[in-house]
Amino acid sequence: MNNDIKKILITEEQIAAKCAELGRTLTEEYDGRFPLAVGVLKGALPFMSDILRSIHTYLEMDFMDVSSYDGQMRSSGEVKIVKDLDTKVEGRDLLIIEDIIDSGLTLSYLVDLFKYRKANSIKIVSLLDKPDGRTSHIKADIVGFDVPNEFVVGYGLDYAEKYRNLPYIGVLKPEIYGGT
Ligand code: PRP
Ligand code: MN
Ligand code: MG
């Protein structure tokens, strides 16, 4: 285990089993359609890569890079588009793929944007949900795991751009981010 991690919350095996399970649900959901899977960079990258390989239907992939934390602990309250989609959203069935919903700001911004761009349908799949963090009124359609109000990193989730490549979800030691 990485030295900066206090404890492992969700193991590599649990993540793999969950991706397979959610993939089956989404395979049924999108069977016979051609959804546009939108990965929210950078955090969603490992989850997107794993879950898409469990969805057995035709789909298109694209990426949106938005940031509201800028390496900070708290959301700045403003969502910035760093990279927009290349694909036209109008009339498409969108599957937004996220690693975590915390305040909900990122996803409420994206959902509003995609509604404005006239998506036919919008669904959200998020590996993690931190319900205690919520300030915006947004709910994922499909959630892998609820997590407590702790500083979680790994499997895409960073602190100051580190830990995204850990294969598990862990809780960061408070001394690493100067917390208690
Ligand atoms: C993190 C995380 C989610 C978002 C969740 O992304 O990956 O996208 O914050 O927080 P929210 O619900 O409070 O908006 P971040 O903006 O840090 O960018 P990153 O994915 O590149 O780390
Ligand atoms: Mn993110
Ligand atoms: Mg981040």
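Every chain begins its residue count from 1, and numbering advances along the sequence as written. Going through the entries in the order they are written, you letter the chains from A and number the ligands from 1. For a predicted model such as this one, the threshold for reporting local features is a pLDDT of at least 70, and the threshold for listing and counting side-chain atom pairs is 80 or more; totals across whole chains, interfaces and linings nevertheless cover every residue. Each side-chain value is derived from all of the structure's non-hydrogen atoms; neither hydrogens nor water enter the calculation.

Going by the annotation in an unreviewed UniProt entry, the name recorded for the protein is Hypoxanthine phosphoribosyltransferase, with Lentibacillus halophilus given as the source organism. Under the heading Cofactor (unreviewed entry), UniProt records this for the protein: "Mg(2+)". UniProt positions are given in the numbering used here, feature names are shortened, and annotations may be inferred rather than shown by experiment. UniProt's Function (unreviewed entry) comment on the protein is quoted here verbatim: "Purine salvage pathway enzyme that catalyzes the transfer of the ribosyl-5-phosphate group from 5-phospho-alpha-D-ribose 1-diphosphate (PRPP) to the N9 position of the 6-oxopurines hypoxanthine and guanine to form the corresponding ribonucleotides IMP (inosine 5'-monophosphate) and GMP (guanosine 5'-monophosphate), with the release of PPi."

**Description of the sheet that holds strand β4 (residues 80-83)**
Taken in spatial order, the six strands of this open sheet run β4-β3-β2-β5-β6-β7, and their pairing is mixed. Pairing within the sheet leaves two strands with one partner each, and these edge strands are β4 and β7 (142-146). Across the sheet, the axes of successive neighbouring strands diverge by a mean angle of 25°, strand direction being ignored. One requirement defines pairing of two strands: DSSP has to find at least two bridges between them. Secondary structure follows DSSP: runs of H or I at least 4 residues long count as helices, runs of E at least 2 residues long count as strands, and numbering of each begins at the N terminus. Bridge count between strand β3 (residues 60-67) and β4: three bridges; the pairing is antiparallel. Across the sheet, Ser67 pairs through a bridge with Lys80, a residue of β4. Throughout, a contact is declared for two residues whenever any of their heavy atoms are within 4.5 Å. Between the N-to-C directions of two axes lies an angle of 0 to 180 degrees, each axis being a line fitted to C-alpha atoms and, for a helix, fitted only over the stretch in contact. Contacts from helix α1 (residues 12-29) reach β5 (93-101), β6 (121-129) and β7, with the element oriented near 165° to β7.

**Observations regarding α1**
Taking 1.5 Å per residue, 18 residues should reach 26 Å; α1 reaches 26 Å between its end C-alpha atoms and fits that length. Each residue is placed in one exposure class: buried if its accessible area under a 1.4 Å probe, protein chains only, is under 20% of its type's maximum, exposed if it is over 50%, and partly exposed if it falls in between. Every buried residue of α1 is accounted for by Ile15, Lys18, Cys19, Leu22, Gly23, Leu26 and Thr27. Looking at the buried residues of α1, the elements they touch are β1 (5-10), α2 (45-52), β5, β6, β7 and β9 (169-172). In a helix, the anticipated span is given by 1.5 Å times the number of residues less one.

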